Protein chains: 2
Amino acid sequence: MIEYNRDAHDIYRQSFAIIRAEANLDRLPADLEALAVRVVHSCGMPDVLEDLIFSDGAGAAGRTALEGGAPILCDSRMVAEGITRARLPAENEVLCTLQDPRVPGLAKQLGNTRTAAALELWRPRLEGAIVVVGNAPTALFRLLEMLDAGAPRPALILGFPVGFVGAVESKEALAEDSRGVPFVTLRGRRGGSAMAAAAVNALGRDH
Amino acid sequence: MIEYNRDAHDIYRQSFAIIRAEANLDRLPADLEALAVRVVHSCGMPDVLEDLIFSDGAGAAGRTALEGGAPILCDSRMVAEGITRARLPAENEVLCTLQDPRVPGLAKQLGNTRTAAALELWRPRLEGAIVVVGNAPTALFRLLEMLDAGAPRPALILGFPVGFVGAVESKEALAEDSRGVPFVTLRGRRGGSAMAAAAVNALGRDH
(Lines give C-alpha, C1' and ligand atoms only; values in the text may rest on other atoms or scores of the structure.)
Protein backbone atom coordinates (compact mmCIF):
# COMPACT_ATOMS: atom_id res chain seq x y z
CA MET A 1 0.00 0.00 0.00
CA ILE A 2 1.20 3.48 -0.85
CA GLU A 3 0.60 6.21 1.73
CA TYR A 4 -1.72 8.91 0.37
CA ASN A 5 -4.89 10.81 1.14
CA ARG A 6 -7.89 8.83 -0.18
CA ASP A 7 -10.68 11.03 1.20
CA ALA A 8 -12.09 13.29 -1.54
CA HIS A 9 -13.72 15.64 0.94
CA ASP A 10 -10.53 16.02 2.95
CA ILE A 11 -8.44 16.50 -0.22
CA TYR A 12 -10.69 19.40 -1.22
CA ARG A 13 -10.55 20.89 2.26
CA GLN A 14 -6.74 20.68 2.43
CA SER A 15 -6.35 21.98 -1.13
CA PHE A 16 -8.48 25.04 -0.45
CA ALA A 17 -6.62 25.66 2.82
CA ILE A 18 -3.25 25.58 1.02
CA ILE A 19 -4.56 27.94 -1.65
CA ARG A 20 -5.88 30.38 0.95
CA ALA A 21 -2.53 30.28 2.71
CA GLU A 22 -0.44 30.79 -0.45
CA ALA A 23 -2.56 32.93 -2.75
CA ASN A 24 -2.99 36.65 -2.40
CA LEU A 25 -6.75 37.06 -2.10
CA ASP A 26 -6.58 40.46 -0.39
CA ARG A 27 -7.04 42.61 -3.46
CA LEU A 28 -10.07 40.63 -4.63
CA PRO A 29 -13.67 41.56 -3.85
CA ALA A 30 -15.64 39.14 -1.64
CA ASP A 31 -17.88 38.09 -4.52
CA LEU A 32 -14.87 36.72 -6.45
CA GLU A 33 -13.05 34.98 -3.61
CA ALA A 34 -14.53 31.54 -4.27
CA LEU A 35 -13.90 31.97 -7.99
CA ALA A 36 -10.26 32.86 -7.35
CA VAL A 37 -9.74 29.85 -5.10
CA ARG A 38 -11.31 27.45 -7.59
CA VAL A 39 -9.39 28.85 -10.56
CA VAL A 40 -6.14 28.33 -8.65
CA HIS A 41 -7.30 24.84 -7.64
CA SER A 42 -7.87 23.91 -11.28
CA CYS A 43 -4.35 24.83 -12.43
CA GLY A 44 -2.10 24.42 -9.39
CA MET A 45 -0.73 27.97 -9.71
CA PRO A 46 -1.52 30.50 -6.94
CA ASP A 47 0.31 33.26 -8.86
CA VAL A 48 -2.32 33.15 -11.60
CA LEU A 49 -4.39 35.50 -9.46
CA GLU A 50 -1.99 38.34 -10.23
CA ASP A 51 -3.43 38.21 -13.75
CA LEU A 52 -7.10 38.02 -12.77
CA ILE A 53 -9.00 41.12 -13.86
CA PHE A 54 -12.70 41.81 -13.58
CA SER A 55 -15.42 44.41 -13.48
CA ASP A 56 -17.03 45.50 -10.21
CA GLY A 57 -19.80 43.16 -9.14
CA ALA A 58 -19.00 40.51 -11.77
CA GLY A 59 -19.26 37.65 -9.29
CA ALA A 60 -22.58 38.86 -7.91
CA ALA A 61 -23.92 39.36 -11.44
CA GLY A 62 -23.00 35.79 -12.33
CA ARG A 63 -24.61 34.33 -9.21
CA THR A 64 -27.81 36.32 -9.70
CA ALA A 65 -28.01 35.20 -13.33
CA LEU A 66 -27.47 31.54 -12.43
CA GLU A 67 -30.09 31.68 -9.69
CA GLY A 68 -32.46 33.22 -12.20
CA GLY A 69 -31.97 30.24 -14.51
CA ALA A 70 -29.48 31.71 -17.00
CA PRO A 71 -28.09 29.26 -19.54
CA ILE A 72 -24.31 28.73 -19.67
CA LEU A 73 -22.89 29.09 -23.17
CA CYS A 74 -19.50 27.37 -23.62
CA ASP A 75 -17.03 27.67 -26.51
CA SER A 76 -15.80 24.08 -26.13
CA ARG A 77 -17.07 20.74 -24.98
CA MET A 78 -14.25 20.40 -22.47
CA VAL A 79 -15.58 23.49 -20.68
CA ALA A 80 -19.13 22.12 -20.76
CA GLU A 81 -17.89 18.78 -19.43
CA GLY A 82 -16.04 20.48 -16.56
CA ILE A 83 -19.12 22.21 -15.18
CA THR A 84 -20.47 20.33 -12.15
CA ARG A 85 -24.19 20.08 -12.76
CA ALA A 86 -24.99 19.53 -9.07
CA ARG A 87 -23.56 22.99 -8.29
CA LEU A 88 -25.95 24.80 -10.63
CA PRO A 89 -28.76 26.42 -8.63
CA ALA A 90 -31.54 26.24 -11.24
CA GLU A 91 -30.77 23.20 -13.37
CA ASN A 92 -29.24 25.75 -15.73
CA GLU A 93 -28.76 24.58 -19.29
CA VAL A 94 -25.11 24.07 -20.33
CA LEU A 95 -24.79 24.62 -24.06
CA CYS A 96 -21.94 24.11 -26.54
CA THR A 97 -22.92 24.57 -30.17
CA LEU A 98 -19.55 23.65 -31.70
CA GLN A 99 -20.69 20.22 -32.91
CA ASP A 100 -23.86 21.54 -34.57
CA PRO A 101 -23.92 20.44 -38.22
CA ARG A 102 -24.55 24.04 -39.35
CA VAL A 103 -21.25 25.28 -37.91
CA PRO A 104 -18.84 24.35 -40.75
CA GLY A 105 -21.07 26.19 -43.24
CA LEU A 106 -21.36 29.22 -40.97
CA ALA A 107 -17.57 29.28 -40.54
CA LYS A 108 -17.08 29.37 -44.30
CA GLN A 109 -19.71 32.07 -44.70
CA LEU A 110 -18.23 34.24 -41.92
CA GLY A 111 -14.60 33.58 -42.85
CA ASN A 112 -13.85 32.67 -39.26
CA THR A 113 -12.99 29.61 -37.16
CA ARG A 114 -15.65 27.03 -36.38
CA THR A 115 -15.45 27.96 -32.71
CA ALA A 116 -16.22 31.61 -33.53
CA ALA A 117 -18.94 30.66 -36.00
CA ALA A 118 -20.63 28.46 -33.38
CA LEU A 119 -21.54 31.65 -31.48
CA GLU A 120 -24.10 32.47 -34.17
CA LEU A 121 -26.18 29.65 -32.72
CA TRP A 122 -26.02 31.24 -29.27
CA ARG A 123 -28.06 34.30 -30.36
CA PRO A 124 -31.50 33.06 -29.18
CA ARG A 125 -30.03 32.27 -25.71
CA LEU A 126 -27.49 35.10 -25.37
CA GLU A 127 -29.65 37.60 -23.47
CA GLY A 128 -28.78 37.32 -19.77
CA ALA A 129 -26.64 34.20 -20.28
CA ILE A 130 -23.31 33.27 -18.71
CA VAL A 131 -20.77 33.14 -21.55
CA VAL A 132 -17.68 31.01 -20.91
CA VAL A 133 -14.68 31.05 -23.25
CA GLY A 134 -12.10 28.48 -22.16
CA ASN A 135 -10.37 27.69 -25.39
CA ALA A 136 -10.50 29.90 -28.48
CA PRO A 137 -9.45 33.55 -28.68
CA THR A 138 -11.51 33.82 -31.88
CA ALA A 139 -14.66 33.03 -29.87
CA LEU A 140 -13.97 35.92 -27.50
CA PHE A 141 -13.14 38.31 -30.35
CA ARG A 142 -16.29 37.24 -32.19
CA LEU A 143 -18.43 37.79 -29.11
CA LEU A 144 -17.17 41.37 -28.86
CA GLU A 145 -17.94 41.90 -32.54
CA MET A 146 -21.44 40.53 -32.10
CA LEU A 147 -22.01 42.87 -29.14
CA ASP A 148 -20.73 45.81 -31.21
CA ALA A 149 -23.27 44.87 -33.86
CA GLY A 150 -26.13 44.91 -31.35
CA ALA A 151 -26.39 41.28 -30.24
CA PRO A 152 -28.31 40.60 -26.99
CA ARG A 153 -26.19 41.18 -23.87
CA PRO A 154 -25.13 38.31 -21.64
CA ALA A 155 -25.15 38.70 -17.85
CA LEU A 156 -21.46 37.81 -17.52
CA ILE A 157 -18.46 36.97 -19.69
CA LEU A 158 -15.87 34.56 -18.26
CA GLY A 159 -12.91 35.00 -20.64
CA PHE A 160 -10.23 32.32 -20.26
CA PRO A 161 -8.92 31.53 -23.75
CA VAL A 162 -5.39 30.13 -23.72
CA GLY A 163 -2.41 30.18 -26.01
CA PHE A 164 -0.02 31.98 -28.26
CA VAL A 165 -2.06 33.61 -31.03
CA GLY A 166 -4.84 35.99 -30.00
CA ALA A 167 -5.33 34.89 -26.39
CA VAL A 168 -3.48 37.87 -24.89
CA GLU A 169 -5.09 40.29 -27.34
CA SER A 170 -8.67 39.01 -27.03
CA LYS A 171 -8.55 39.19 -23.24
CA GLU A 172 -7.06 42.70 -23.38
CA ALA A 173 -9.84 43.75 -25.75
CA LEU A 174 -12.42 42.41 -23.30
CA ALA A 175 -10.83 44.11 -20.29
CA GLU A 176 -10.42 47.45 -22.09
CA ASP A 177 -14.04 47.57 -23.19
CA SER A 178 -16.39 44.79 -22.20
CA ARG A 179 -19.27 46.57 -23.97
CA GLY A 180 -20.91 47.18 -20.63
CA VAL A 181 -21.10 43.48 -19.79
CA PRO A 182 -19.72 42.29 -16.41
CA PHE A 183 -16.62 40.17 -16.94
CA VAL A 184 -13.82 38.16 -15.36
CA THR A 185 -10.70 37.38 -17.37
CA LEU A 186 -7.08 36.33 -17.01
CA ARG A 187 -4.39 38.52 -18.55
CA GLY A 188 -1.71 36.76 -20.57
CA ARG A 189 -1.36 33.45 -22.32
CA ARG A 190 -2.60 31.25 -19.51
CA GLY A 191 -6.19 30.06 -19.36
CA GLY A 192 -8.03 27.02 -20.59
CA SER A 193 -11.09 24.91 -20.15
CA ALA A 194 -10.33 23.75 -16.60
CA MET A 195 -9.99 27.31 -15.28
CA ALA A 196 -13.09 28.40 -17.21
CA ALA A 197 -15.19 25.54 -15.84
CA ALA A 198 -13.83 26.18 -12.33
CA ALA A 199 -14.96 29.81 -12.59
CA VAL A 200 -18.50 28.69 -13.42
CA ASN A 201 -18.50 26.09 -10.65
CA ALA A 202 -17.46 28.75 -8.15
CA LEU A 203 -20.55 30.81 -8.99
CA GLY A 204 -22.80 27.84 -8.23
CA ARG A 205 -23.77 26.60 -4.81
CA ASP A 206 -21.93 24.63 -2.14
CA HIS A 207 -23.53 21.65 -0.51
CA MET B 1 -14.59 44.80 -37.22
CA ILE B 2 -11.78 43.91 -34.85
CA GLU B 3 -8.42 42.94 -36.36
CA TYR B 4 -7.51 39.32 -35.55
CA ASN B 5 -6.46 36.06 -37.13
CA ARG B 6 -9.58 34.11 -38.15
CA ASP B 7 -7.87 31.21 -39.94
CA ALA B 8 -7.76 28.13 -37.70
CA HIS B 9 -5.06 26.44 -39.76
CA ASP B 10 -2.85 29.53 -39.70
CA ILE B 11 -3.44 30.04 -35.96
CA TYR B 12 -2.18 26.49 -35.33
CA ARG B 13 0.81 27.02 -37.61
CA GLN B 14 1.78 30.30 -35.94
CA SER B 15 1.22 28.90 -32.46
CA PHE B 16 3.46 25.91 -33.08
CA ALA B 17 6.12 28.20 -34.62
CA ILE B 18 6.11 30.45 -31.54
CA ILE B 19 6.38 27.41 -29.25
CA ARG B 20 9.30 26.00 -31.26
CA ALA B 21 11.04 29.38 -31.06
CA GLU B 22 10.50 29.85 -27.31
CA ALA B 23 10.53 26.37 -25.81
CA ASN B 24 13.63 24.37 -25.10
CA LEU B 25 13.07 21.18 -27.08
CA ASP B 26 16.76 20.27 -27.30
CA ARG B 27 16.90 17.91 -24.36
CA LEU B 28 13.83 15.98 -25.54
CA PRO B 29 13.98 12.82 -27.65
CA ALA B 30 12.52 13.03 -31.16
CA ASP B 31 9.60 10.77 -30.28
CA LEU B 32 8.38 13.27 -27.66
CA GLU B 33 8.85 16.50 -29.60
CA ALA B 34 5.27 16.68 -30.90
CA LEU B 35 3.97 15.81 -27.46
CA ALA B 36 6.03 18.59 -25.88
CA VAL B 37 4.80 21.16 -28.41
CA ARG B 38 1.15 20.19 -27.92
CA VAL B 39 1.39 20.18 -24.13
CA VAL B 40 2.82 23.72 -24.25
CA HIS B 41 0.12 24.71 -26.73
CA SER B 42 -2.60 23.51 -24.37
CA CYS B 43 -1.43 25.62 -21.42
CA GLY B 44 0.38 28.63 -22.89
CA MET B 45 3.53 28.00 -20.84
CA PRO B 46 6.76 27.04 -22.66
CA ASP B 47 8.59 26.65 -19.33
CA VAL B 48 6.41 23.67 -18.45
CA LEU B 49 8.83 21.53 -20.45
CA GLU B 50 11.46 21.94 -17.74
CA ASP B 51 9.22 19.71 -15.64
CA LEU B 52 8.52 17.08 -18.30
CA ILE B 53 10.01 13.69 -17.37
CA PHE B 54 9.69 10.41 -19.20
CA SER B 55 11.11 6.98 -19.79
CA ASP B 56 13.16 6.19 -22.90
CA GLY B 57 10.98 5.36 -25.86
CA ALA B 58 7.73 6.41 -24.19
CA GLY B 59 6.51 8.33 -27.24
CA ALA B 60 7.26 5.45 -29.60
CA ALA B 61 5.56 3.00 -27.24
CA GLY B 62 2.44 5.15 -27.19
CA ARG B 63 2.33 5.50 -30.97
CA THR B 64 2.80 1.78 -31.52
CA ALA B 65 0.05 0.99 -29.04
CA LEU B 66 -2.37 3.43 -30.65
CA GLU B 67 -1.66 2.08 -34.12
CA GLY B 68 -2.28 -1.41 -32.76
CA GLY B 69 -5.74 -0.34 -31.59
CA ALA B 70 -5.05 0.24 -27.88
CA PRO B 71 -7.93 1.74 -25.91
CA ILE B 72 -7.37 5.05 -24.12
CA LEU B 73 -8.40 4.94 -20.46
CA CYS B 74 -9.07 8.40 -18.97
CA ASP B 75 -9.56 9.39 -15.33
CA SER B 76 -11.97 12.21 -16.17
CA ARG B 77 -14.51 13.09 -18.77
CA MET B 78 -12.78 16.38 -19.54
CA VAL B 79 -9.72 14.39 -20.67
CA ALA B 80 -11.88 12.08 -22.78
CA GLU B 81 -13.63 15.09 -24.32
CA GLY B 82 -10.32 16.74 -25.20
CA ILE B 83 -9.07 13.82 -27.28
CA THR B 84 -9.51 14.55 -30.98
CA ARG B 85 -11.06 11.39 -32.39
CA ALA B 86 -9.93 12.17 -35.97
CA ARG B 87 -6.30 11.97 -34.80
CA LEU B 88 -6.61 8.41 -33.50
CA PRO B 89 -5.08 5.97 -35.99
CA ALA B 90 -7.29 2.93 -35.30
CA GLU B 91 -10.64 4.32 -34.14
CA ASN B 92 -9.26 3.65 -30.68
CA GLU B 93 -11.84 3.47 -27.93
CA VAL B 94 -11.74 6.36 -25.44
CA LEU B 95 -13.05 5.20 -22.09
CA CYS B 96 -13.88 6.99 -18.85
CA THR B 97 -15.56 4.83 -16.22
CA LEU B 98 -16.11 7.57 -13.63
CA GLN B 99 -19.86 7.84 -14.27
CA ASP B 100 -20.46 4.09 -14.08
CA PRO B 101 -23.18 3.40 -11.48
CA ARG B 102 -20.95 0.82 -9.75
CA VAL B 103 -18.31 3.43 -8.89
CA PRO B 104 -19.80 4.95 -5.70
CA GLY B 105 -20.13 1.46 -4.20
CA LEU B 106 -16.59 0.54 -5.23
CA ALA B 107 -15.27 3.76 -3.69
CA LYS B 108 -16.91 2.93 -0.36
CA GLN B 109 -15.62 -0.63 -0.49
CA LEU B 110 -12.04 0.45 -1.32
CA GLY B 111 -12.04 3.47 1.00
CA ASN B 112 -10.81 5.64 -1.83
CA THR B 113 -12.05 8.44 -4.07
CA ARG B 114 -14.54 7.70 -6.83
CA THR B 115 -11.91 8.59 -9.41
CA ALA B 116 -9.53 5.99 -7.99
CA ALA B 117 -12.30 3.40 -7.61
CA ALA B 118 -13.29 3.87 -11.27
CA LEU B 119 -9.97 2.22 -12.24
CA GLU B 120 -11.35 -1.13 -11.05
CA LEU B 121 -13.55 -1.06 -14.15
CA TRP B 122 -10.47 -0.59 -16.36
CA ARG B 123 -9.08 -4.03 -15.52
CA PRO B 124 -10.47 -5.92 -18.53
CA ARG B 125 -9.02 -3.23 -20.88
CA LEU B 126 -5.81 -2.35 -19.04
CA GLU B 127 -3.41 -4.70 -20.85
CA GLY B 128 -1.59 -2.70 -23.51
CA ALA B 129 -3.80 0.37 -23.03
CA ILE B 130 -2.86 4.05 -22.96
CA VAL B 131 -3.66 5.31 -19.46
CA VAL B 132 -4.23 9.06 -19.12
CA VAL B 133 -4.52 10.77 -15.75
CA GLY B 134 -5.38 14.45 -16.17
CA ASN B 135 -7.11 15.23 -12.95
CA ALA B 136 -6.85 13.11 -9.82
CA PRO B 137 -3.64 12.20 -7.97
CA THR B 138 -5.57 9.36 -6.30
CA ALA B 139 -6.12 7.77 -9.73
CA LEU B 140 -2.38 7.72 -10.40
CA PHE B 141 -1.58 6.40 -6.92
CA ARG B 142 -4.26 3.72 -7.31
CA LEU B 143 -2.89 2.67 -10.69
CA LEU B 144 0.55 2.10 -9.14
CA GLU B 145 -1.04 0.05 -6.36
CA MET B 146 -2.93 -2.06 -8.88
CA LEU B 147 0.30 -2.69 -10.82
CA ASP B 148 2.06 -3.66 -7.58
CA ALA B 149 -0.74 -6.16 -6.98
CA GLY B 150 -0.27 -7.73 -10.39
CA ALA B 151 -2.79 -5.89 -12.58
CA PRO B 152 -2.29 -6.14 -16.38
CA ARG B 153 0.32 -3.68 -17.68
CA PRO B 154 -0.66 -0.75 -19.88
CA ALA B 155 1.53 0.27 -22.84
CA LEU B 156 1.98 3.84 -21.58
CA ILE B 157 1.06 6.00 -18.61
CA LEU B 158 0.51 9.71 -19.25
CA GLY B 159 0.55 11.21 -15.74
CA PHE B 160 -0.73 14.78 -15.57
CA PRO B 161 -2.74 15.12 -12.35
CA VAL B 162 -2.89 18.71 -11.08
CA GLY B 163 -3.13 20.41 -7.74
CA PHE B 164 -2.07 20.84 -4.16
CA VAL B 165 -2.67 17.51 -2.41
CA GLY B 166 -1.00 14.44 -3.86
CA ALA B 167 -0.25 15.69 -7.37
CA VAL B 168 3.45 16.29 -6.73
CA GLU B 169 3.79 13.05 -4.77
CA SER B 170 1.89 10.80 -7.18
CA LYS B 171 3.95 12.00 -10.14
CA GLU B 172 7.18 11.56 -8.19
CA ALA B 173 6.10 8.01 -7.30
CA LEU B 174 5.48 7.29 -10.99
CA ALA B 175 8.81 8.75 -12.10
CA GLU B 176 10.78 6.97 -9.39
CA ASP B 177 9.33 3.57 -10.23
CA SER B 178 6.86 3.24 -13.07
CA ARG B 179 6.64 -0.51 -12.49
CA GLY B 180 8.34 -1.11 -15.82
CA VAL B 181 5.65 0.75 -17.76
CA PRO B 182 6.72 3.51 -20.20
CA PHE B 183 5.56 6.91 -18.92
CA VAL B 184 5.47 10.64 -19.45
CA THR B 185 4.72 12.95 -16.54
CA LEU B 186 5.05 16.53 -15.38
CA ARG B 187 6.84 17.23 -12.13
CA GLY B 188 5.16 19.63 -9.72
CA ARG B 189 1.67 20.92 -9.16
CA ARG B 190 0.89 21.81 -12.75
CA GLY B 191 -1.02 19.46 -15.02
CA GLY B 192 -4.65 19.01 -15.91
CA SER B 193 -7.04 17.60 -18.43
CA ALA B 194 -6.04 19.89 -21.30
CA MET B 195 -2.35 18.91 -21.07
CA ALA B 196 -3.27 15.24 -20.71
CA ALA B 197 -5.55 15.28 -23.74
CA ALA B 198 -2.91 17.21 -25.72
CA ALA B 199 -0.36 14.50 -24.93
CA VAL B 200 -2.69 11.85 -26.35
CA ASN B 201 -3.47 13.94 -29.41
CA ALA B 202 0.25 14.34 -30.10
CA LEU B 203 0.66 10.57 -30.28
CA GLY B 204 -2.03 10.36 -32.95
CA ARG B 205 -1.65 11.21 -36.58
CA ASP B 206 -1.43 14.51 -38.45
CA HIS B 207 -3.55 15.12 -41.51
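Residues numbered from 1 in each chain as written. Chains lettered and ligands numbered in written order. Predicted model: local features only at pLDDT ≥ 70, side-chain atom pairs only at ≥ 80, totals over all residues. Heavy atoms only, no water.

Looking at the relation of the copies chain A and chain B
Here's step 1: Between chain A and chain B, the superposition needs a rotation of 180° and an axial shift of 0.0 Å, giving an RMSD of 0.0 Å. Between the two chains, the operation in question is that of a two-fold axis. Across chain A, the smallest distance between a C-alpha and the rotation axis is recorded for Met-78 of chain A, namely 2.6 Å.
Here's step 2: A shared interface surface links the copies, since 100% of the contact residues of chain A are contact residues in chain B too. (Least-squares fit on C-alpha atoms with pLDDT ≥ 70 in both. Contact = heavy atoms within 4.5 Å.)

Observations regarding the side chain of Asn-112 of chain A
Here's step 1: Here Asn-112 of chain A is to be found in the loop between α5 (103–110) and α6 (114–117).
Here's step 2: Here Tyr-4 of chain B takes part through its side chain, which lies 2.9 Å from a polar atom of the side chain of Asn-112 of chain A.
Here's step 3: Excluding anything up to four places from it in sequence, Asn-112 of chain A contacts Ala-107, Thr-138 and Arg-142 of chain A together with Tyr-4 and Arg-6 of chain B. (Helix = DSSP H or I, 4+ residues; strand = E, 2+ residues; numbered from the N terminus. Polar contact = N/O pair within 3.5 Å; in protein donor to acceptor, adjacent residues only side chain to side chain.)

Digging into the pairing of strand β6 (residues 183–186) of chain A
Residues and elements named next belong to chain A.
Here's step 1: The two faces of β6 match: Phe-183 and Thr-185 on one face and Val-184 and Leu-186 on the other face are all buried.
Here's step 2: Sheet topology note: the strand β1 (residues 52–54)/β6 ladder contains three bridges and is antiparallel. Looking at the pairing, Leu-52 lines up with Leu-186 of β6.
Here's step 3: With three bridges connecting them, strand β5 (residues 156–159) and β6 associate as parallel partners. Looking at β6, one finds that Gly-159 is bridged to Thr-185. (Buried < 20%, exposed > 50% of the residue type's maximum accessible area, 1.4 Å probe, protein only. Pairing = 2+ DSSP bridges.)

A short note on the layout of surface pockets
Here's step 1: Quantified by volume, the second largest pocket comes out at close to 1600 Å³.
Here's step 2: What lines the second largest pocket is a set of 41 residues, among which Arg-114 and Asn-135 of chain A together with Tyr-12, His-41 and Thr-84 of chain B lie closest to the centre.
Here's step 3: Elements with a minimum of two residues in the lining of the second largest pocket: α4 (77–82), α6 and α7 (137–148) of chain A together with α1 (8–22), α2 (33–43), α4 (77–82) and α9 (193–203) of chain B.
Here's step 4: The element that contributes the greatest number of residues to the lining of the second largest pocket is α1 of chain B, accounting for seven residues.
Here's step 5: Of the residues belonging to the lining of the second largest pocket, the class tally is 16 nonpolar, 18 polar and seven charged. (1 Å grid on protein atoms, 1.4 Å probe; cavity = no way out; pocket = protein on both sides within 12 Å on 5 of 7 lines; lining within 4 Å. Points joined across faces, edges and corners; volume = space filled by probe spheres on them. Nonpolar A, V, L, I, M, F, W, Y, C, P; charged D, E, K, R; others polar.)

Examining the pairing of strand β4 (residues 130–133) of chain A
All names here are of chain A.
Here's step 1: Both faces of β4 are covered, namely the face carrying Ile-130 and Val-132 and the face carrying Val-131 and Val-133.
Here's step 2: Alignment of strand β2 (residues 72–74) against β4, held across three bridges, turns out to be parallel. If you follow Cys-74 over to β4, its bridge partner there is Val-132.
Here's step 3: Alignment of β4 against β5, held across four bridges, turns out to be parallel. Among the inter-strand pairings, Ile-130 is bridged to a residue of β5, identified as Leu-156.

Points about the UniProt feature "domain: Cobalamin biosynthesis precorrin-8X methylmutase CobH/CbiC" (unreviewed entry) in chain A
Here's step 1: Annotation from UniProt places "domain: Cobalamin biosynthesis precorrin-8X methylmutase CobH/CbiC" (unreviewed entry) at residues 10–203 of chain A.
Here's step 2: This span, residues 10–203 of chain A, is 44% helix and 10% strand, and a straight line between its end C-alpha atoms measures 21 Å. (UniProt positions renumbered as here; feature names shortened; annotations may be inferred.)

Topic: the sheet that holds strand β6 (residues 183–186) of chain B
Residues and elements named next belong to chain B.
Here's step 1: Strands sit in the order β1-β6-β5-β4-β2-β3 across an open sheet of six strands; the sheet is mixed. Only two strands of the sheet have a single partner each, and these edge strands are β1 (52–54) and β3 (94–95).
Here's step 2: Contacts between helix α3 (residues 58–67) and the sheet are confined to β2 (72–74), β4 (130–133), β5 (156–159) and β6, with β4 contributing the most and set at about 115° to the helix.
Here's step 3: The strands touched by α9 are β2, β4, β5 and β6; relative to β5, the strand with the most contacts, the crossing angle is about 145°. (Axes fitted to C-alpha atoms, helices over the stretch in contact; angles between N-to-C directions.)

As for the confidence of the model for chain A
Here's step 1: Mean pLDDT for chain A: 97, with 100% of residues reaching 70 or above.
Here's step 2: Here the prediction assigns the complex a pTM of 0.97, and the interface score ipTM is 0.96. (pLDDT = per-residue confidence, 0-100.)

Comments concerning the pattern of salt bridges
Here's step 1: Throughout the structure, instances matching the rule amount to 30 salt bridges over all chains.
Here's step 2: Among the ionic pairs, Glu-145 of chain A bridges to Arg-6 of chain B, the shortest N-O distance being 2.8 Å. Taken together, the residues Glu-145 of chain A in helix α7 and Arg-6 of chain B in the segment before α1 connect one chain to another. This pair shows no difference in class: Glu-145 of chain A is buried, exactly as Arg-6 of chain B is.
Here's step 3: Residues joined in a network through salt bridges with shared partners are Arg-6 of chain A together with Glu-120, Arg-123, Arg-142 and Glu-145 of chain B. (Salt bridge = Lys/Arg side-chain N within 4 Å of Asp/Glu carboxyl O.)

Things to note about the packing of aromatic side chains
Residue and element names in this part refer to chain A.
Here's step 1: Counted by the stated rule, this structure contains four aromatic pairs over all chains.
Here's step 2: On the basis of an interplanar angle of 65° and a centroid distance of 5.6 Å, the ring pair of Tyr-12 and Phe-16 is categorised as edge-to-face. Of this pair, Tyr-12 and Phe-16 both sit in helix α1 (residues 8–22), four residues apart, which is roughly one turn of the helix.
Here's step 3: Positioned over the ring face of Tyr-4 is Arg-6, at 3.9 Å from the centre of the ring. (Phe/Tyr/Trp six-rings, centres within 6.5 Å; stacked < 30°, edge-to-face > 60°. Lys NZ or Arg CZ within 6 Å of the ring centre and 35° of its normal.)

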